[in-house]
Amino acid sequence: MVLNPTYGFSQESPVHLNLQNRRIRKETRRMICPFCRHDDSRVVDSRPADDGSQIRRRRECTECGARFTTQETTLLNIVKRSGASEPFSRDKVISGVSKACQGRPVNNDDLALLAMRVEETLRATGQAEIEAQEVGLAILAPLRELDEVAYLRFASVYRSFSSLEDFEGEIALLRAAPSTPASKNSLIKSAVEVNSSEKTSAAPSRMATAK
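How each quantity is defined
- Residues numbered from 1 in each chain as written.
- Predicted model: local features only at pLDDT ≥ 70, side-chain atom pairs only at ≥ 80, totals over all residues.
- Heavy atoms only, no water.
- Helix = DSSP H or I, 4+ residues; strand = E, 2+ residues; numbered from the N terminus.
- Contact = heavy atoms within 4.5 Å.
- Salt bridge = Lys/Arg side-chain N within 4 Å of Asp/Glu carboxyl O.
- Buried < 20%, exposed > 50% of the residue type's maximum accessible area, 1.4 Å probe, protein only.
- Axes fitted to C-alpha atoms, helices over the stretch in contact; angles between N-to-C directions.
- Parallel < 35°, antiparallel > 145°, perpendicular 65-115°, else oblique.
- Left-handed = near helix turned anticlockwise from the far one by under 90°.
- Pairing = 2+ DSSP bridges.
- Polar contact = N/O pair within 3.5 Å; in protein donor to acceptor, adjacent residues only side chain to side chain.
- Nonpolar A, V, L, I, M, F, W, Y, C, P; charged D, E, K, R; others polar.

A. Seen up close, the environment of glutamine 127. Assignment of secondary structure puts glutamine 127 in the loop between helix H3 (108-123) and strand S6 (129-131). Along the sequence, glutamine 127 and leucine 76 sit 51 residues apart, while their C-alpha atoms lie 7.4 Å from each other. Discounting residues that sit within four places of it in the chain, glutamine 127 has contacts with Leu75 and Leu76.

Here it is, written out as structure tokens:
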């Protein structure tokens, strides 16, 4: 067992973990008051926000008594090709996808839900920094479920289609493995085909009856 030179017990011991938790709790209290600049406050109320991905805390300064609100969230930064990083933004996902959805039966609520699913996928990796290309990969699956035409448009740009064969190959994959759930257009097409076949099969029987 490796002993901690400061406290004389292992890093994994209950005593060390208890002291560490106390230190963390004390550090979370050190939020500078925006009114008097005092560096200590107490939490008077906490509640989840933004579908549980954030926590909004109501704090009270221990010096001047003023109350203010803070918001805590897990880190999720996107690393660009240049090496620069920026916080993940659902708005940027919606902006990028909306261009592919022009003229398609996709509304703002659909796009907001897609952006939320993309964020959930990225956060599920447990990483604080994600490569920009991983964001595009996370968009493809929910976009395909939403609208296959929009998916094909987005994929053609994201995967840099350069020839007709690239489009034909992607379309072949779509036909081989239909998205789930099926799109409304596919359901309507199937219903029309079934209705047409029923009418075709019923026509000879009427002719036979007339004879």
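Now that the structure has been shown, the text picks up again.
B. Here's a closer look at the pattern of salt bridges. Within the structure shown, the criterion is met by eleven salt bridges. A salt bridge links glutamate 86 to lysine 80; its shortest N-O distance comes to 3.3 Å. Judged by its relative accessible area of 37%, lysine 80 falls in the partly exposed class. Across the salt bridge formed by arginine 90 and glutamate 119, the nearest N and O atoms sit 2.4 Å from each other. Here the residue arginine 90 occupies a position in helix H2 (residues 90-100), and glutamate 119 occupies one in helix H3, the gap between them amounting to 29 residues. Each of the salt bridges in this network shares a partner with another, and the network as a whole consists of Arg42, Glu60 and Arg67.

C. Expanded view of the packing of helix H4 (residues 132-146) against helix H5 (residues 148-158). In the contact formed by H4 and H5, the axes pass within 9 Å of each other and the chain directions differ by 160°. In terms of their interaxial angle, H4 and H5 are classed as roughly antiparallel. In this structure, the crossing between H4 and H5 has a hand that is left-handed. Judged by residue contacts, Gln133, Gly136, Leu137, Ile139, Leu140, Leu143 and Arg144 of H4 engage Glu148, Ala150, Tyr151, Phe154, Ala155 and Tyr158 from H5.

D. Focus on the pairing of strand S2 (residues 54-61). Note that strand S1 (residues 41-49) and S2 share eight bridges and pair antiparallel. By the bridge assignment, valine 43 is partnered in S2 with arginine 59. Two elements, S2 and strand S3 (residues 67-73), share seven bridges in a ladder whose sense is antiparallel. Of the residues in S3, the one forming a bridge with arginine 57 is threonine 70.

E. Local environment of the environment of arginine 67. Mapping arginine 67 onto the fold places it in strand S3. Overall, the relative accessible area of 43% leaves arginine 67 in the partly exposed class. In this structure the C-alpha to C-alpha distance between arginine 67 and proline 34, which are 33 residues apart in sequence, comes to 9.3 Å. With residues up to four places along the chain from it excluded, the contact list for arginine 67 reads Phe35, Val44, Arg58, Arg59 and Glu60. Separated by 3.0 Å, the side chains of arginine 67 and glutamate 60 make a polar contact.

F. Main features of H5. Among the residues of H5, those classed as buried are Ala150, Tyr151, Leu152, Phe154, Ala155 and Ser156. Lining the buried residues of H5 we find H2, H4 and helix H6 (164-176). Measuring from the side-chain oxygen of the N-cap residue of H5 to the backbone nitrogen of valine 149 gives 3.1 Å; that N-cap residue is aspartate 147. Following H5 by one or two positions, serine 160 adopts a phi angle in the positive range, close to 55°.

G. Fine view of the packing of H3 against H4. In contact at an axis separation of 9 Å, H3 and H4 are set at 135° when each is read in the N-to-C sense. Looking at the two axes, H3 sits oblique to H4. The handedness of the crossing between H3 and H4 is right-handed. On H4, the residues touching Asp110, Leu114, Arg117, Val118, Thr121 and Leu122 of H3 are Glu134, Val135, Ala138, Ile139, Pro142, Leu143, Glu145 and Leu146. Of the residues assigned to the contact of H3 with H4, the class counts are nine nonpolar, one polar and four charged.

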